[in-house]
Amino acid sequence: MTLPSHRRLAVSATLIAALAAGVVPATSAFAAPGAPVSTPAAPAPAVPAPDMDGVVAALNSAMANGAPGAMARFTGPDGVRSRTVGVQDRVAGKPMDIQSRFRIGSVSKTFSTVVLLQLVEEGELELDTPVNTYLPGLLPDDRITVRHLLTHRSGLADYTNAMFEHTVPGFEAVRNRVFSYQELVDLSLSEPRTTEPGVSYKYSNANFVVVGMLIEKATGRPVSEAYQSRIFKPLKLRKTSYVHPDTRIKGTHVRGYLHPDEAGGALVDSTEQTASWAQSAGAVISSPADLNTFTSALMRGRLLSPATMEAMTTVTPTDATNTRFYGLGLRRYDLSCGTRVYGHTGTVQGFYTYAFSTRDGRRSLSAVANTSNHGAANTALGGTLEAAFCGKKPAASASARAAAPSTARDLTSLPAERDLPERH
Ligand code: REY
């Protein structure tokens, strides 16, 4: 029998309040009743204030590199700071709105991982057990484990490379399609596998399609219900949804604009789509405030036990820079100031997303630009991380200010997350 999904949030309201106030270290949050939790937290070390001019410079750089608009929201010890540039709707000329929803692409993988790891905690699945134990005959190799999926070490080919080899025709061919998970796995298995199980990291959406299948097998219910009852509802993420195969984004939302492969070609409005090619690998919709709430709550231990968080944040490098790593459905970026941030990036047609938090959950940043298939815009948007988490650098700040046009909207005085009503 599966435990109630929100069980961790009911552990102790007092404890959670103390945790939120920074009185109790996050790792003590779910100690057994009666266990000592009174150890006072060491005073939090001073952290750099976010360089919001630098954030705006990064957003403007995303625009200079082809995004119609961009925005970022930083939540830290001194409250919420948001910045928006450009438009969220090119036809209506509607300015980017920090309250808007958008497609978060592969940040969805972290949501799927949380659900799966809760099922592991509940004894429904084990990380080092072969996938075929739970889904008999699904994969052609009994050595592929659940952990291999979550760490992108299964060797299952990423079917999206072939699907979107020609970007716009590839997208239009699947925009309204509804795939079964099995069809997506079959697409992956029609290609050679990329590595022996466990041997090397190779990012693949197929891994998180199988994660979705495991969640549905273990719960007997659609993944949408697991997201809702285990994450969206307990964290009150009211602008976060999984509506597959509905093609629309509810409420005030950002429109996505896909760059064609042909230089100078017209942008394609890619807002409405089933995102069925991604499903549990990338079909969640969210907002900047909700993403900050999610990554921060995750890091503060509100969704998973300390032991599970340790497993999730145990990483290996994804490239040779020694600054980028992957744990379980979670990226770690080591920034220039030494700060480590955990979260995920997302790319779905028309949307680039970053959602990251420090390990203590005290600072979080989400950023989105409403374009894709334009790597320079994504790289530029990633500049928000350095600015937000590493703060103002004397040399950089002057040039960042110089680069920042005065059109950026300063939303610093807005109330904190979820205090603002939905307008549509
Ligand atoms: C799929 C193609 C990207 C996007 C992808 N996204 O795997 C997952 C993720 C969910 O990691 C598309 N690129 C674009 C192309 C390239 O079509 N030919 O940039 O919109 O977030």
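Residues numbered from 1 in each chain as written. Predicted model: local features only at pLDDT ≥ 70, side-chain atom pairs only at ≥ 80, totals over all residues. Heavy atoms only, no water.

Trainee: Would you mind going over the nonpolar core with me for this structure?
Mentor: Generally speaking, a soluble globular protein has its nonpolar side chains buried in company with each other. Counting residues in hydrophobic clusters, the biggest one holds 75 residues, and the most contacted among them are F111, L150, L214, I231, L298 and M312. Ranked by residue count, the leading element in this core is helix α9 (residues 205–219), at eight residues. Those residues in contact with M312 that lie beyond four places of it in its chain are T110, T113, V114, L117, L298, L304, G327, L328 and L330. Grouped together as the second largest cluster of nonpolar side chains are 26 residues, L59, A70, Y352 and L365 included. (Core = buried A, V, L, I, M, F, W, Y, C linked by side-chain atoms within 4.5 Å. Buried < 20%, exposed > 50% of the residue type's maximum accessible area, 1.4 Å probe, protein only. Helix = DSSP H or I, 4+ residues; strand = E, 2+ residues; numbered from the N terminus. Contact = heavy atoms within 4.5 Å.)

Trainee: What's the story with the environment of V341 in this structure? I'm lost.
Mentor: Note that V341 resides in strand β11 (residues 340–348). Look at V341 and you get buried, because its relative accessible area is 0%. Separated by 48 residues in the primary sequence, V341 and F389 place their C-alpha atoms 8.4 Å from one another. With sequence-adjacent residues up to four places away left out, V341 is seen in contact with R331, R332, Y333, L335, F356, S357, T358 and F389.

Trainee: Just checking my understanding: could you explain the site of the ligand for this structure?
Mentor: The immediate surroundings of the ligand are formed by 15 residues, with S106, F164, T167, T347 and S372 found nearest. Taking Y203, its side chain carries an N or O atom lying 2.8 Å from an oxygen atom of the ligand. Between N205 and the ligand, the recorded distance is 2.8 Å, taken from a side-chain N or O atom to an oxygen atom. In isolation the ligand exposes 530 Å². Once the protein is present, 84% of that is buried. (Near = heavy atom within 4 Å. Polar contact = N/O pair within 3.5 Å; in protein donor to acceptor, adjacent residues only side chain to side chain. Areas by Shrake-Rupley, 256 points an atom, 1.4 Å probe, with all protein chains shown as cover.)

Trainee: Teacher, can you tell me more about the packing of aromatic side chains here?
Mentor: Here the distance between the centres and the angle between the planes together describe a pair of aromatic rings. Evaluated as defined, the whole model comprises nine aromatic pairs. For the ring pair Y201 and Y326, a centre distance of 5.7 Å and an interplane angle of 45 degrees mean the geometry is tilted. Taken together, the residues Y201 in the loop between α8 (181–189) and α9 and Y326 in strand β9 (residues 324–326) connect sequence positions 125 residues apart. The residues Y201 and Y326 share a single accessibility class, namely buried. Over the ring of Y257 we find R90; its NZ or CZ atom is 5.5 Å from the centre of that ring. The aromatic ring of F325 is capped on one face by R332, whose charged end is 4.4 Å from the ring centroid. (Phe/Tyr/Trp six-rings, centres within 6.5 Å; stacked < 30°, edge-to-face > 60°. Lys NZ or Arg CZ within 6 Å of the ring centre and 35° of its normal.)

Trainee: Is there a simple way to explain the pattern of salt bridges in this structure?
Mentor: A side chain of one charge can pair with a side chain of the opposite charge if their charged atoms are brought near each other. Inspection of the entire model under this criterion finds 17 salt bridges. The partner of D128 in a salt bridge is R147, and the shortest N-O contact between them spans 2.8 Å. With D128 in the loop between α3 (108–121) and α4 (131–134) and R147 in helix α5 (residues 146–150), this residue pair connects regions lying 19 residues apart in the sequence. Note that D334 is salt-bridged to R332, the shortest N-O span being 2.8 Å. Accessibility classification places D334 together with R332 in one group, the buried group. Through salt bridges with shared partners, a single ionic network connects D141, R143, R193 and E196. (Salt bridge = Lys/Arg side-chain N within 4 Å of Asp/Glu carboxyl O.)

Trainee: What is the right way to read the sheet that holds strand β14 (residues 371–372) from this model?
Mentor: Where strands meet in a sheet, backbone hydrogen bonds hold them as pairs that are either parallel or antiparallel. Spatial ordering of the open sheet is given by β6-β5-β14, a layout of three strands whose pairing is mixed. Strands at the two margins of the open sheet, each flanked by one partner only, are β6 (268–269) and β14. Direction of pairing for strand β5 (residues 257–258) relative to β6: antiparallel, over a ladder of two bridges. By the bridge assignment for β6, L258 is matched with V268. (Pairing = 2+ DSSP bridges.)

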